[in-house]
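Now for the letters of each chain:
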Amino acid sequence: MAEVRIDEDAVVSFTQELVRIRSVNDPGAGTAEAPAAQLVEERMRELGWDPQVTEIAPGRPNVVAVIEGGGGPGPTLMFEGHTDVVTEGDLEAWSFDPYAGDIVDGQLRGRGSADMKAGVAAMIYATKAVVDAGPFPGRIVLGALVDEEGLMLGAKAFARTPLAAEIDGAICCEPEEGEICAVSKGAVRLLVHFEGAMAHGAMPQHARNPVPVAAEFVRRVPEVQARLLADHGEHEHLGTNFVTPTVVIGGDTDQINVIPARAVVCLDIRTTPGVDHVELNGWITELAGACGEPAGVTATVEVVDDRPAVDTPVSHPMIVALAEAHEAVTGTPAVYGGVPGATDGTILTRDAEIPTVVYGPGGKWIAHQADEYVEVSAIIEAASVYAETARRFLSA
């Protein structure tokens, strides 16, 4: 294989084109991933590939291309990214147009620039560089998936395909500021339902009021977090486990004189490797029941989503190749870190047993904030690292 060279101008320009598309899943505004996915599809076809486009939901297509190396048998390496972005939020919080896609002082600016249109562009142009360098063993799969910012429907659909079963490793090109993140926190989302009995506000003696029960439950939720800390301590890259109440619903502001029959508390739980989610849900159920019992209020726990933590061994050949590539390109040793949230890699590992790692351009904490940006140099560097990783992993 000849020297691998990134088309620097093209990868930066393509990132700008993607950022200028508002690919927020916003039914009210009539927007979703389709325009960004179409741009990805068109660019892949221009580069000589034959992407498969699969609509996961109306206006929300996965775009997946398989690029055969032509150099004989070898592993299958996937580069994965998502085409959706979160809403820009309050425009007053931005000092520039969220979809400018311009470059100022070496920073490419706009919603999704870091999370993660830079990563999508980098993985495509890294693959182009590998292809341009000549035949290589094995093959590369490029996946630009939908709904990562939601329920990860795109990753769940891809994980069910026969192609997913053939992948030997996947690099999720999320913004991690050059850190190699082989571990990611798990995520559990729960609805804790409290059921009592409705009554007139003037006659609380006839009610079984779930609102004070929900309040007591929220007050005691830190006990579960403390128990997790006692059992699991602090993870080297992920820190501690979090059990966070995020939503409390009970009653109706139009009916303040009515004691409601129902209340709901939503929990967002983030876990480190080794936490047993079934056991954890048992603790939550036990606590909710204990809070409700004195008031005659019953409690049930509904699991909305359950994503396990990811802990890929750093000795995996893909991660070894990534670490070597990072050092070769940047001149500095690899730095290992962890992902505080879940990514599509969580689903690919859970549902298809694909070893995953997260590595990509952009600040680790800039995602979802106003004035989002990515350093132009980071886009080029990531593309170079991806290309060198593919060369090393596929030829190992």
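Residues numbered from 1 in each chain as written. Predicted model: local features only at pLDDT ≥ 70, side-chain atom pairs only at ≥ 80, totals over all residues. Heavy atoms only, no water.

## Here we look at helix H6 (residues 277-292)
- Relative to the 22 Å expected for 16 residues at 1.5 Å per residue, H6 spans 23 Å between its end C-alpha atoms, a close match to the ideal helical length.
- Those residues of H6 that sit buried are His277, Leu280, Asn281, Trp283, Ile284, Leu287, Ala288, Cys291 and Gly292. Buried residues of H6, viewed axially, fall in a sector of 160°; they line one side. Pointing more than 90 degrees away from the buried face of H6 are the exposed residues Val278 and Glu286. (Helix = DSSP H or I, 4+ residues; strand = E, 2+ residues; numbered from the N terminus. Expected span 1.5 Å × (residues − 1). Buried < 20%, exposed > 50% of the residue type's maximum accessible area, 1.4 Å probe, protein only. Arc of directions from axis to C-beta.)

## A word on the sheet that holds strand S14 (residues 298-307)
- Read from one edge to the other, the open sheet built from four strands follows the order S11-S13-S9-S14, with strand pairing classed as antiparallel. Strands with a single pairing partner mark the edges of an open sheet, and in this sheet they are strand S11 (242-250) and S14. For this sheet, the mean inter-axis angle between neighbouring strands, taken without regard to orientation, is 20°.
- As defined by bridge partners, strand S9 (residues 186-195) adjoins S14 across nine bridges and the pair is classed as antiparallel. Within the sheet, the bridge partner assigned to Leu191 lies in S14 and is Glu302. (Pairing = 2+ DSSP bridges. Axes fitted to C-alpha atoms, helices over the stretch in contact; angles between N-to-C directions.)

## A word on the packing of aromatic side chains
- Overall, the coordinates contain five aromatic pairs when judged by the stated rule.
- When the centroid spacing of 5.6 Å and the interplanar angle of 85° are considered together, the rings of Trp94 and Phe96 count as edge-to-face. The residues Trp94 and Phe96 share a single accessibility class, namely buried.
- A connected cluster of aromatic rings, assembled from ring pairs, spans Phe79, Tyr359 and Tyr386.
- Lying across the ring of Phe96, Arg109 places its NZ or CZ 4.0 Å from the centre.
- Above the ring of Trp283, the side-chain terminus of Arg227 is found at 3.9 Å from the ring centroid. (Phe/Tyr/Trp six-rings, centres within 6.5 Å; stacked < 30°, edge-to-face > 60°. Lys NZ or Arg CZ within 6 Å of the ring centre and 35° of its normal.)

## A few points about the pairing of strand S6 (residues 139-145)
- The element S6 is largely enclosed, with a buried count of seven among its seven residues.
- Inspection of the sheet shows strand S2 (residues 60-68) paired to S6 by six bridges, in the antiparallel sense. Counted as the bridge partner of Glu68 is Arg139 from S6.
- Where strand S3 (residues 76-82) and S6 come together, seven bridges link them in parallel fashion. Counterpart to Thr76 in the pairing with S6 is Arg139.

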